[in-house]
Amino acid sequence: MSEQQRTTAIYGVGSMGGAILEGLLSGRRDGDPEVLAVVRREEQARELDARDGARSVAPEEAAAQADLHLLVVKPAVVPELLEQVRDSLRPGSVVVSLALGVSLSDLGDLLPDEVAAIRGMPSTPARVGQGMTVLSPGASVSQAQLDAVREVLAATGETIVLPETQQDVATALSGSAPAYFYLVVEALVDAGVAGGLPRATAVELATQAALGAGTMMRETGEEPALLRAAVTSPGGSTAAALRQLEAGGLRETFARAVEACARRSAG
Ligand SMILES: NC(=O)C1=CN([C@@H]2O[C@H](COP(=O)(O)OP(=O)(O)OC[C@H]3O[C@@H](n4cnc5c(N)ncnc54)[C@H](O)[C@@H]3O)[C@@H](O)[C@H]2O)C=CC1
Ligand SMILES: O=C(O)[C@@H]1CCC=N1
């Protein structure tokens, strides 16, 4: 994949594929190739064609034209989709499967030898350029191919390369994790409303607290435990709240949640 000819195709534009498409389109510069999108519904195809920088195409056409193929269909759809496009894929192109639990070994069985495979796990904040994609490249992926994939995905947020053996637990801390944070914010909002705040105010306060905490962790690089201690004034209100969270079994609940998520990812 050279800089000039890099064309990306997305197969499946649902929650996750839609988020990646938005990230890619917002990072697109004048002169960049269109992002090709494979969708099933006519109406969705028409909506995509009306967007600047996107074009809906048939699966075989995407396979023949793109250098980088992002599979964002449900895991069970991956085999039939690759069966449909495998003979159209160009030698030297790279298929990145972003489907839960689809292994490099599965991909190897479904792809021609001259097409490289990467297993990945993205996250929906890709929509606003704040996603994380955990990448595990197959043995035949060259450094140049991996760099090119990371460069394309940079428009959707961060990327990290991990061994495939860590994909399941990484899914629990990354791909699925935005949902846990939304749930925490939902719970805080309900509690704030119960305490007398207007719902919109409660959402605004809890959202800013989440954003502020995330930005502090990212920008200071300090351990979360230290940042938490800095909020916890001796004998104060935060200590009273944290004691209740610990009494409610927060850590054990998250330990079980991560374990269940990783188990589900492993199949
Ligand atoms: N939603 C999330 O936060 C994350 C999802 N994923 C993975 O992304 C994949 C998709 O998940 P969601 O977006 O949540 O599901 P979804 O159901 O919202 O989207 C799947 C899309 O694929 C389309 N589709 C089905 N068969 C197709 C075909 N043959 N060709 C083209 N499009 C086809 C469907 O019409 C739908 O729009 C899954 O494999 C999931 O494991 C990974 C990380 C996070
Ligand atoms: O829930 C799921 O199966 C997908 C994979 C990770 C996040 N969402």
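The structure displayed is predicted, hence computed values, not measured ones.

So, the UniProt feature "domain: Pyrroline-5-carboxylate reductase dimerisation" (unreviewed entry) in the protein
Part 1 of the argument: In the UniProt entry, the feature "domain: Pyrroline-5-carboxylate reductase dimerisation" (unreviewed entry) is given for residues 164–266.
Part 2 of the argument: For residues 164–266, helix accounts for 81% and strand for 0%, while the C-alpha atoms at its two ends are 11 Å apart.

Observations concerning the environment of Ala-64
Part 1 of the argument: In this structure, Ala-64 sits in helix α3 (residues 59–65).
Part 2 of the argument: Along the chain, Ala-64 and Ser-88 lie 24 residues apart, while their C-alpha atoms are 5.1 Å from each other.
Part 3 of the argument: Dropping the residues within four chain positions of it, Ala-64 is found in contact with Ser-88 and Arg-90.

Considerations on the nonpolar core
Part 1 of the argument: Counting 53 residues, the largest nonpolar core has Ile-10, Tyr-11, Ala-37, Leu-70 and Leu-71 as the members making the most contacts within it.
Part 2 of the argument: Filtering out sequence-adjacent residues up to four positions away, Ile-10 remains in contact with Gly-17, Ile-20, Leu-21, Val-35, Ala-37, Val-38, Leu-70 and Val-72.

Re the site of ligand 1
Part 1 of the argument: Neighbouring ligand 1 are 24 residues, the closest being Gly-12, Gly-14, Met-16, Ala-99 and Leu-100.
Part 2 of the argument: Per-element accounting of the shell around ligand 1 gives the leading share, three residues, to helix α1 (residues 15–26).
Part 3 of the argument: Considered class by class, the residues forming the shell around ligand 1 number 15 nonpolar, seven polar and two charged.

Comments concerning the sheet that holds strand β2 (residues 35–38)
Two orientations exist for strands paired in a sheet by backbone hydrogen bonds: parallel and antiparallel.
Part 1 of the argument: Read from one edge to the other, the open sheet built from eight strands follows the order β3-β2-β1-β4-β5-β6-β7-β8, with strand pairing classed as mixed. Two strands bound the open sheet, and with one partner strand each, they are β3 (54–56) and β8 (157–161). Sheet twist, expressed as the mean angle between neighbouring strand axes with direction ignored, is 25°.

Side note on α1
Each α-helix turn comprises 3.6 residues. Residues three or four places apart therefore point the same way.
Part 1 of the argument: With 12 residues, α1 should cover 16 Å at 1.5 Å per step; its first-to-last C-alpha distance of 17 Å lies within 8% of that length.
Part 2 of the argument: Of the residues making up α1, those classed as buried are Met-16, Gly-17, Gly-18, Ala-19, Ile-20, Leu-21, Gly-23 and Leu-24.
Part 3 of the argument: Buried residues in α1 make contact with β1 (8–11), β2, β3, β4 (68–71) and β7 (131–137).

Considering the UniProt feature "domain: Pyrroline-5-carboxylate reductase catalytic N-terminal" (unreviewed entry) in the protein
Part 1 of the argument: Per the UniProt record, the feature "domain: Pyrroline-5-carboxylate reductase catalytic N-terminal" (unreviewed entry) sits at residues 9–99.
Part 2 of the argument: What you have in residues 9–99 is 38% helix and 20% strand, and the ends, taken at the C-alpha atoms, are 15 Å apart.

Observations concerning the pairing of β1
On a regular strand, each side chain points to the face opposite its neighbour's, so the side chains alternate between the two faces of the sheet.
Part 1 of the argument: The alternating pattern of β1 places Thr-8 and Ile-10 and Ala-9 and Tyr-11 on opposite faces, both of which are buried.
Part 2 of the argument: The pairing of β1 with β4 spans four bridges and is classified as parallel. Residue Ala-9 lies in a different strand from β4, and its bridge partner there is His-69.
Part 3 of the argument: A crossover connection joins β1 to the parallel β2 through α1; in handedness this β-α-β unit is right-handed.

A word on the environment of Leu-250
Part 1 of the argument: As for its placement among the helices and strands, Leu-250 is situated in helix α12 (residues 250–266).
Part 2 of the argument: On the basis of neighbour count, Leu-250 is assigned to the partly exposed category, with 13 C-beta atoms found within 10 Å.

Observations regarding the site of ligand 2
Part 1 of the argument: Close to ligand 2 lie Leu-100, Thr-171, Gly-175 and Ser-176.
Part 2 of the argument: By residue class, the composition of the shell around ligand 2 is one nonpolar, three polar and no charged.

As for helix α9 (residues 199–220)
Part 1 of the argument: Look at α9: 31 Å from first C-alpha to last across 22 residues, which is about the 32 Å you get at 1.5 Å a residue.
Part 2 of the argument: Positive backbone phi, at 70°, marks Gly-221, one or two positions downstream of α9.

Some remarks on the packing of helix α8 (residues 177–194) against α9
Part 1 of the argument: Interaxial distance between α8 and α9 falls to 9 Å at its minimum, and their mutual angle equals 140°. Between α8 and α9, the crossing angle belongs to the class labelled oblique. The chirality of how α8 crosses α9 is right-handed. Here α8 contributes Phe-181, Val-185, Leu-188, Val-189, Gly-192 and Val-193 to the contact with α9, which in turn contributes Arg-199, Ala-202, Val-203, Leu-205, Ala-206, Thr-207 and Ala-210.
Part 2 of the argument: Its residues assigned to classes, the contact of α8 with α9 shows 10 nonpolar, two polar and one charged.

With respect to the environment of Leu-71
Part 1 of the argument: Mapped onto the secondary structure, Leu-71 falls in strand β4.
Part 2 of the argument: Residue class for Leu-71 comes out buried when judged on the 25 C-beta atoms lying within 10 Å of it.
Part 3 of the argument: C-alpha separation for the pair Leu-71 and Ser-88, spaced 17 residues apart in sequence, amounts to 15 Å.

Quick notes on the pairing of β8
Part 1 of the argument: Looking at chain direction, β7 and β8 are connected through five bridges and run parallel. In the strand pairing of β8, Thr-133 is matched with Thr-159.
Part 2 of the argument: As a crossover connection, the stretch from β7 through helix α6 (residues 143–153) into β8 is right-handed.

Procedures and definitions
- Residues numbered from 1 in each chain as written.
- Chains lettered and ligands numbered in written order.
- Predicted model: local features only at pLDDT ≥ 70, side-chain atom pairs only at ≥ 80, totals over all residues.
- UniProt positions renumbered as here; feature names shortened; annotations may be inferred.
- Helix = DSSP H or I, 4+ residues; strand = E, 2+ residues; numbered from the N terminus.
- Contact = placed C-beta atoms within 7 Å.
- Core = buried A, V, L, I, M, F, W, Y, C linked by C-beta atoms within 7 Å.
- Buried ≥ 20, exposed ≤ 12 C-beta atoms within 10 Å, placed from the backbone.
- Near = placed C-beta within 6 Å.
- Nonpolar A, V, L, I, M, F, W, Y, C, P; charged D, E, K, R; others polar.
- Pairing = 2+ DSSP bridges.
- Axes fitted to C-alpha atoms, helices over the stretch in contact; angles between N-to-C directions.
- Expected span 1.5 Å × (residues − 1).
- Right-handed = clockwise from strand over helix to strand, strands pointing away.
- Parallel < 35°, antiparallel > 145°, perpendicular 65-115°, else oblique.
- Left-handed = near helix turned anticlockwise from the far one by under 90°.

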